[in-house]
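The residues making up each chain are set out below.
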Amino acid sequence: MQNINEIKIALAQCDMAQLPQLLKCYQTDERKGVQKLVQTYQKRYTAHLAELQRLQDILQYERECYAKGYTLVAGVDEVGRGPLAGPVVAAAVILPQNHIIAGIDDSKKLTAKKREELCEIIKKEAVAWAVGIVSHEKIDEVNILQATYMAMREALAQLAIPPQYILADAVTIPHIDIPQRGIVKGDAKSMSIGAASIVAKVTRDAMMEEMDKLYPDYDFASNKGYGSQKHLAAITQHGLCKIHRRSFVKNLMQKTEKENKQKGNQGELLAAKQMQKLGYTIIKQNYCSDYGEIDIIAQKDDVLVFTEVKFRKGTENGLPAEAVNWKKQQHIIKTAKAYLAEHNITDKDCRFDVAEVLEEHGKKYFRYTENAFLA
């Protein structure tokens, strides 16, 4: 009688087609270890059958084309519509009629290693394949949707054999005379589109990894140009590099500024209420000069107080007060002097305070520091 380890090796080495027959041999073995192995490999076989069925299902659109006489069907997909940097890349792939490549799926569902393995198989077994690349400059010039169409048309034009029919992911490509069909979530529903999504993804990822060598501050090898936290922090610290999409970053910055302004307003309202509870009389909010802005001007015990309010969500970037650095202090001091001159105030004691508003775990915390810095 085989021991459990020998049975485990036999099951692991068995071809999937022969697995049901081998499992029958062990179904009557009453040892718990053997029964556990039988259950494990039965689940694997069930998953194998489901995968075979999935692969048959994602040929349905191609088979509809074959039934109409179109034997050269190109799947088309793009990668890179959302990133803040780098090109948009499209791929077109024509597979042999009724051809199945095990593992093909929406590229986003696959690991980088699996995509690279499948990409090599696709390129080897395809009737024809090609990519189209549209630069970040062109994206800024014509917008991302038009750039995506351009990349798709370029990929189709580069095919060594022209297709008779096109299956595209989600869109109908304009200015194309070849019959076509757009399929929503086509990269998971069509073998050809799934293959194109893998080729496009592997191509663009490799390009962004090369860009990472030229612009190492932005972590392109990891984020591939998408707006990760580290990427956004690098933009704040270093500005934009050559391959950033100016139109994308401009929209992002405008949104961020608006959000920051809203958070700042919330912080200032809360700070003003808390200061009133502490006995301060609010004289002016958001006083502006050529040098900058003072959030709150107040008075208490005949002392004129210039208060800077800082609001932060979490402490990942430090406490709110840490944002009031020396440079910020100098702007506040100059603005305070402008306020004093404008109102001809010469006989008041003055003070510079900082009000901190910290939001963590859905709660807001307030801390007030008198004489936070000196003029």
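### So, the overall build of the protein chain
Looking only at helices and strands, one finds 13 helices and 10 strands in the protein chain. Here the protein chain has a C-alpha radius of gyration of 32 Å; the compact-globule value for 375 residues is 21 Å, and the former is much larger. A buried classification covers 41% of the 375 residues belonging to the protein chain. Residue pairs in contact within the protein chain that sit at least 24 positions apart in sequence constitute 62% of those at least 6 positions apart. Looking at the protein chain as shown, the accessible area adds up to about 20,600 Å², and 50% of this sits on carbon and sulfur atoms. Charged side chains in the protein chain number 52 positive and 48 negative. The centres of these two groups are separated by 3 Å.

### Focus on the packing of aromatic side chains
Evaluated as defined, the whole model comprises 8 aromatic pairs. With 5.3 Å between their ring centres and 55° between their planes, Tyr-280 and Tyr-368 make a pair best called tilted. Of this pair, Tyr-280 sits in the loop between helix 12 (246-277) and strand 6 (281-289) while Tyr-368 sits in strand 10 (residues 363-373), and the two are 88 residues apart along the sequence. The two residues Tyr-280 and Tyr-368 agree in class, both being buried. Residues Phe-366 and Tyr-368 carry aromatic rings whose centres are separated by 6.3 Å and whose planes lie at 25° to one another, so their mutual orientation is stacked. What makes Phe-366 partly exposed here is its relative accessible area of 26%. A connected cluster of aromatic rings, assembled from ring pairs, spans Tyr-287, Phe-306, Tyr-339, Phe-352 and Phe-373. Sitting over the face of the ring of Tyr-41, Arg-44 holds its NZ or CZ atom 4.5 Å from the ring centroid. The ring of Phe-248 has Arg-245 lying over it, and the distance from NZ or CZ to the ring centre is 4.9 Å.

### Considering the packing of helix 2 (residues 19-26) against helix 3 (residues 32-57)
When two helices pack together, their arrangement is captured by the angle between the axes and the distance separating the axes. Running from N to C, helix 2 and helix 3 point in directions that differ by 160°, and their axes come no closer than 10 Å. If you check the angle between helix 2 and helix 3, you find them roughly antiparallel. Every pair of crossing elements has a handedness; the one defined by helix 2 and helix 3 is left-handed. The segment helix 2 lies against helix 3, with Leu-19, Pro-20, Leu-23 and Tyr-26 engaging Val-34, Gln-35, Val-38, Tyr-41, Gln-42 and Tyr-45. Of the residues contributing to the contact of helix 2 with helix 3, the split by class is 8 nonpolar, 2 polar and no charged.

### Some words on the nonpolar core
Grouped together as the largest cluster of nonpolar side chains are 34 residues, with contacts concentrated most on Val-76, Leu-156, Leu-159, Ile-173 and Phe-220. Every element with two or more residues in this core is listed here: strand 1 (73-79), strand 2 (88-94), strand 3 (128-134), helix 7 (144-158), strand 4 (165-169), helix 11 (229-238) and helix 12. Counting residues per element, this core draws most heavily on helix 7, at 7 residues. The residues touching Leu-159, leaving out its near neighbours within four places in the chain, are Ala-74, Ala-92, Ile-94, Ala-128, Trp-129 and Ala-130.

### Structural notes on the layout of surface pockets
Of the voids in this model, the second largest pocket is the one considered here, and its volume is about 250 Å³. Along its surface, the second largest pocket is lined by 16 residues, and Asp-77, Glu-78, Lys-108, Asp-169 and Asp-187 are the ones closest to its centre. Among the elements that take part in the lining of the second largest pocket, strand 1 stands out by supplying 3 residues, more than any other. Looking at side-chain class alone, the lining of the second largest pocket contains 5 nonpolar, 3 polar and 8 charged residues.

### What to know about the sheet that holds strand 4
A sheet is described by the order of its strands in space; here 5 strands give the open sequence 3-2-1-4-5, paired in mixed fashion. Where the open sheet ends on each side, the last strands, each with one partner, are strand 3 and strand 5 (180-183). Going from strand to strand, the sheet's axes swing by 20° on average, the running direction of each strand aside. For strand 2 and strand 3, the ladder comprises 7 bridges, and the chain directions are antiparallel. Across the sheet, the residue bridging to Val-93 is Trp-129, located in strand 3.

### Observations regarding the side chain of Lys-224
Mapped onto the secondary structure, Lys-224 falls in the loop between helix 10 (220-223) and helix 11. According to the relative accessible area criterion, Lys-224 is buried, its value standing at 12%. A polar contact of 2.3 Å, which involves the side chain of Lys-224, links it to the backbone oxygen of Ala-221. The contact partners of Lys-224, leaving out residues within four places of it in the chain, are Pro-83, Ala-85, Arg-204, Asp-205, Met-208, Glu-209 and Asp-219.

### A short note on helix 4 (residues 60-67)
If you check which residues of helix 4 are buried, you get Tyr-61, Glu-62, Cys-65 and Tyr-66. On an axial view of helix 4, the arc spanned by its buried residues comes to 145°, and they lie on one face. On its buried face, helix 4 is in contact with strand 1, strand 4, strand 5, helix 8 (186-189) and helix 9 (191-214). Downstream of helix 4 by a residue or two, Gly-69 has a phi angle that is positive, lying close to 100°.

### Overview of the pairing of strand 7 (residues 292-300)
Here strand 6 pairs with strand 7 via 7 bridges, running antiparallel. Bridge pairing links Gln-285 to Ile-296 in strand 7. Between strand 6 and strand 7, which follow one another and run antiparallel, lie 2 residues. The pairing of strand 7 with strand 8 (residues 303-313) spans 5 bridges and is antiparallel. Looking across to strand 8, one finds that Lys-300 is bridged to Val-303.

Procedures and definitions
Residues numbered from 1 in each chain as written. Predicted model: local features only at pLDDT ≥ 70, side-chain atom pairs only at ≥ 80, totals over all residues. Heavy atoms only, no water. Helix = DSSP H or I, 4+ residues; strand = E, 2+ residues; numbered from the N terminus. Rg over C-alpha atoms; globule rule 2.2 N^0.38 Å. Buried < 20%, exposed > 50% of the residue type's maximum accessible area, 1.4 Å probe, protein only. Contact = heavy atoms within 4.5 Å. Areas by Shrake-Rupley, 256 points an atom, 1.4 Å probe, with all protein chains shown as cover. Lys, Arg positive; Asp, Glu negative; His and termini not counted. Charge placed at Lys NZ, Arg CZ, Asp CG, Glu CD. Phe/Tyr/Trp six-rings, centres within 6.5 Å; stacked < 30°, edge-to-face > 60°. Lys NZ or Arg CZ within 6 Å of the ring centre and 35° of its normal. Axes fitted to C-alpha atoms, helices over the stretch in contact; angles between N-to-C directions. Parallel < 35°, antiparallel > 145°, perpendicular 65-115°, else oblique. Left-handed = near helix turned anticlockwise from the far one by under 90°. Nonpolar A, V, L, I, M, F, W, Y, C, P; charged D, E, K, R; others polar. Core = buried A, V, L, I, M, F, W, Y, C linked by side-chain atoms within 4.5 Å. 1 Å grid on protein atoms, 1.4 Å probe; cavity = no way out; pocket = protein on both sides within 12 Å on 5 of 7 lines; lining within 4 Å. Points joined across faces, edges and corners; volume = space filled by probe spheres on them. Pairing = 2+ DSSP bridges. Polar contact = N/O pair within 3.5 Å; in protein donor to acceptor, adjacent residues only side chain to side chain. Arc of directions from axis to C-beta.

The quantities given are spatial measurements derived from coordinates; they are silent on function.
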